[in-house]
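A structural walkthrough
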Amino acid sequence: MAKLLSCVLGPRLYKIYRERDSERAPSGVPETPTSVTTPPSSSWDTYYQPRALEKHADSILALASVFWSISYYSSPFAFFYLYRKGYLSLSKVVPFSHYAGTLLLLLAGVACLRGIGRWTNPQYRQFITILEATHRNQSAENKRQLANYNFDFKSWPVDFHWEEPSSRKESRGGPSRQGVALLRPEPLHRGTADTLLNRVKKLPCQITSYLVAHTLGRRMLYPGSVYLLQKALMPMLLQGQARLVEECNGRRAKLLACDGNEIDTMFVDRRGTAESQGQKLVICCEGNAGFYEVGCVSTPLEAGYSVLGWNHPGFAGSTGVPFPQNEANAMDVVVQFAIHRLGFQPQDIIIYAWSIGGFTGGLVTRTVRQHLNLNNAEQLCRYQGPVLLIRRTKDEIITTTVPEDIMSNRGNDLLLKLLQYRYPRVMAEEGLRVVRQWLEASSQLEEASIYSRWEVEEDWCLSVLRSYQAEHGPDFPWTVGSEVSAQLRGHTLHSAPSPEFPDPLAPLGTTVGLVLKE
C-alpha cells in the first residue's frame, strides 16, 4: 500500500538513460540494503514507456495544467469581463465554486488512476524505489543509480547547500538569507526636495511599476520563465539532457541558494581526458530564453573544456523567479559549488555569458531602474582586471534602431562608461568625441580616415603610461593628465598592442579590447 501511495504522489518519469559500462558496479561487490540492482542495458536505451492507464491520465493532467496556465495569464481580462457582465455576484459565484470543486475531485481521481498505472509498471516501481533510497541515504551508489533517470526535478534531492562551505557561514562574513551583495543603482536626484507631497505624487507610478515588473515585465525580460514556453520546448530540453548525460557523461545536480531557490545544473568533467583544456572550467550563463540543455554549453564542450551549465531561477528545473537579486544568489551558489565541491581553483574558472545584458525592449525606464536593473556598467566598473568587449557590426539584438546603425549598438555605451571610469581625464570632452567618431565608423576606410587625423608618437605615449603606473600603481581609475588626452586617445584607438604593454591605456597585465567582427 505504501508503494502504491508513492506511485500516486511520485514525480513524472521522462526517460531512462543508457547505462554506461564505466558506471556499472563491479560484479563482486555485494549490494547494500539501500541500493537497487539496475536493469540490463537493453531496457535503458529508450524513453520511459508508461502503461496505457498512466499515459492517458498524464495527458489529461498535462492538459489541465496548460489550461490553468492560460487561465492564470488571462485572469485580469477574465475578471474584468465577468465584472462587466455581472457574473461576480454571490448568487453566481457559489454555483461556480461547486463546479470548480467537482472538477478538482475528478482531477484527483485521474491522479489516483495514474498512480495505479505506475504501480503496475515495473520500471516505475524500480525508479521510485531508487528515489526513496536516495532520499534516505545519499550514498555514491544510490546517486549513481538515480542519475540514470530523468524525472521531474522538484523531487531530485539537494546535492549542495549554500551554507555547506565553512568559509561561507554567516558568522564568518558569508551571505545572509537576504542574499549576496548586489550593486544597487544610485537614486536619481532631480534638484527637488523629497517631500511628503512628492512621495505621494510618485506613489501611483511606483505601484504601477512594481505591478508591471512582477507580472508582465518579468516575463518579457525573461521569457524562458514562462510555463507555456517551457512546455513547448520540453521535447528539445529532454533531448539536450540526454545528449549531455549519454554522450558527454554529464552529471546533474541540485544546488540550494541562500534565498531558498533550487538551481538545476549539469557538469561535464574533462579533467581525466586527453584534452589539456579540461583543467579549466567554463561556467555557462544562458540568455533570457536559454536553457543549458540547448544553450551555449556546446561551444566550450567542443573546445575540450570542463563545463558547468545552470538554469536561471524559474527556468526548467530551477525554482523561483529570475529577478536580479535571485540571479546573483544563484550565480553565487553555482560558483561555490564549482570551487568547494567540484574542486576547481578560482583562477581556473571562466565565466561565459550570453544575451541577457542586451535586452532593451518593452519596459518603461522607471520599471527597469527600480525592479529589473542589472547594472551592467556599474558592475563592470568595479572589476579591475582585463576586459574584452566583442561588438558585432550587424547586431540585430542590442541595436536600438537598425542593425546597420552601428552607433546604436548598446555595447558602445558599455565601453564608454568603462573608459570614462578608468581614465576620467583622458575621456574628457575631446577624448570622448574622438572615441565616438571611431565607434561610428562602419568600414575600414572610415576608420583609416579618422586615424589620419591623429598622428601619435607611440614611444612617448608608452613612456608616459609606464611612468604613471610605476608612480601610482595599477589600480583604476587612472588620473593621466588632460594635457595629453588627444595623443593618448588617438594612440589607444589605432596603435597595435605591444608584448610589454598590451594596451597603452591599461596598466601592465590589463587589456581593454574592442573587437569589431562581421
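Okay, so let's go over this structure. Worth saying up front: this structure is predicted, and the values here are computed from it rather than measured. (Residues numbered from 1 in each chain as written. Predicted model: local features only at pLDDT ≥ 70, side-chain atom pairs only at ≥ 80, totals over all residues. Heavy atoms only, no water.)

1. Focus: the overall build of the protein
Per the secondary structure count, the protein includes 16 helices and 11 strands. By the burial criterion, 41% of the 518 residues in the protein qualify as buried. Residue pairs at least 24 apart in sequence account for 74% of intrachain contacts in the protein once pairs closer than 6 positions are excluded. By element, 58% of the accessible surface of the protein is carried by carbon and sulfur atoms, the whole surface being about 28,400 Å². (Helix = DSSP H or I, 4+ residues; strand = E, 2+ residues; numbered from the N terminus. Buried < 20%, exposed > 50% of the residue type's maximum accessible area, 1.4 Å probe, protein only. Contact = heavy atoms within 4.5 Å. Areas by Shrake-Rupley, 256 points an atom, 1.4 Å probe, with all protein chains shown as cover.)

2. Points about empty space enclosed by the protein
Throughout the structure, instances matching the rule amount to two cavities of 30 Å³ or more. Each pocket or cavity is described by its volume, and for the largest cavity that value is around 60 Å³. Lining the largest cavity are 11 residues, and of these Tyr17, Ala147, Trp156, Val245 and Arg252 lie nearest its centre. Counting only elements with at least two residues in the lining of the largest cavity, the list comes to helix H7 (227–246) and strand S5 (251–256). A per-class count over the lining of the largest cavity returns six nonpolar, two polar and three charged. Counting contributing residues per domain, the lining of the largest cavity is built from domain 1 (1–17 + 45–150) and domain 2 (223–369), each supplying no fewer than three. Approximately 40 Å³ is the volume attributed to the second largest cavity. Contributing to the lining of the second largest cavity are Leu244, Met266, Val268, Tyr292, Val297, Val307, Leu308 and Gly309. Those elements that provide at least two residues to the lining of the second largest cavity are strand S6 (262–268) and strand S8 (306–310). (1 Å grid on protein atoms, 1.4 Å probe; cavity = no way out; pocket = protein on both sides within 12 Å on 5 of 7 lines; lining within 4 Å. Points joined across faces, edges and corners; volume = space filled by probe spheres on them. Nonpolar A, V, L, I, M, F, W, Y, C, P; charged D, E, K, R; others polar. Domains from an automatic or database assignment.)

3. A word on the packing of helix H2 (residues 52–85) against helix H3 (residues 90–119)
Two elements in contact, H2 and H3, have axes separated by 8 Å at closest approach and are oriented at 145 degrees. Here the hand of the crossing between H2 and H3 comes out left-handed. Contact with H2, carried on its side by Leu53, Glu54, Ala57, Asp58, Ile60, Leu61 and Ala64, involves Leu107, Val110, Ala111, Leu113, Arg114, Ile116, Gly117 and Arg118 of H3 and no other residues of that element. (Axes fitted to C-alpha atoms, helices over the stretch in contact; angles between N-to-C directions. Left-handed = near helix turned anticlockwise from the far one by under 90°.)

4. A word on helix H13 (residues 429–440)
Helix length check: H13, at 12 residues, gives a terminal C-alpha distance of 17 Å against a target of 16 Å (1.5 Å per residue), a fit within 8%. When we look at burial in H13, the residues that qualify are Gly431, Leu432, Val434, Val435, Trp438 and Leu439. The arc that holds every buried residue of H13, seen down its axis, measures 160 degrees, which confines them to one face. (Expected span 1.5 Å × (residues − 1). Arc of directions from axis to C-beta.)

5. Brief notes about a nonpolar patch on the surface
Together, Leu63, Phe67, Ile70 and Leu228 give the surface a local cluster of nonpolar side chains, amounting to about 360 Å² of exposed area. If you tally residues by element for the nonpolar patch, the top one is H2, at three residues. Mapped onto the elements, Leu228 comes out in helix H7. Overall, Leu228 belongs to the partly exposed group, its relative accessible area being 30%. (Patch = residues over 30% accessible without salt bridge, like charges linked within 9 Å, V, L, I, M, F, W, Y side chains within 5 Å. Salt bridge = Lys/Arg side-chain N within 4 Å of Asp/Glu carboxyl O.)

6. Thoughts on the layout of surface pockets
Counted as a void, the second largest pocket has a volume near 1,500 Å³. Residue lining of the second largest pocket: 50 residues in total, with Tyr14, Asp152, Tyr227, Lys231 and Met234 positioned closest to the centre. In terms of residues, the lining of the second largest pocket owes the most to one element, H2, which gives 11 residues. A breakdown of the residues in the lining of the second largest pocket according to their chemical character gives 22 nonpolar, 15 polar and 13 charged.

7. Section: the side chain of Ser408
Note that Ser408 resides in the loop between strand S10 (387–392) and helix H12 (410–422). What makes Ser408 buried here is its relative accessible area of 7%. Ignoring anything within four residues of it in the chain, the contact list for Ser408 reads Ile398, Thr399, Thr400, Thr401 and Val402.

8. A closer look at the pattern of salt bridges
Under the definition given, this model contains 10 salt bridges. Lys254 is paired through a salt bridge with Glu262; the nearest N and O atoms lie 3.2 Å apart. Like Glu262, Lys254 is buried. Residue Lys280 pairs with Asp348 through a salt bridge whose shortest N-O separation is 3.2 Å. In this pair, Lys280 sits in the loop between S6 and strand S7 (281–285) while Asp348 sits in the loop between helix H9 (324–341) and strand S9 (349–353), placing the two residues 68 residues apart along the sequence. Residue classification places Lys280 among the partly exposed positions, given a relative accessible area of 32%. Three or more residues joined by partner-sharing salt bridges are found here, namely Arg12, Asp58 and Arg114.

9. Digging into the pairing of S7
Of all five residues in S7, five are buried, a share of seventy percent or more. Burial of S7 is two-sided: the residues Leu281, Ile283 and Cys285 facing one way and the residues Val282 and Cys284 facing the other way are all buried. As paired elements, S7 and S8 share five bridges and run parallel to each other. Considered in S8, the bridge of Cys285 is made with Trp310. (Pairing = 2+ DSSP bridges.)

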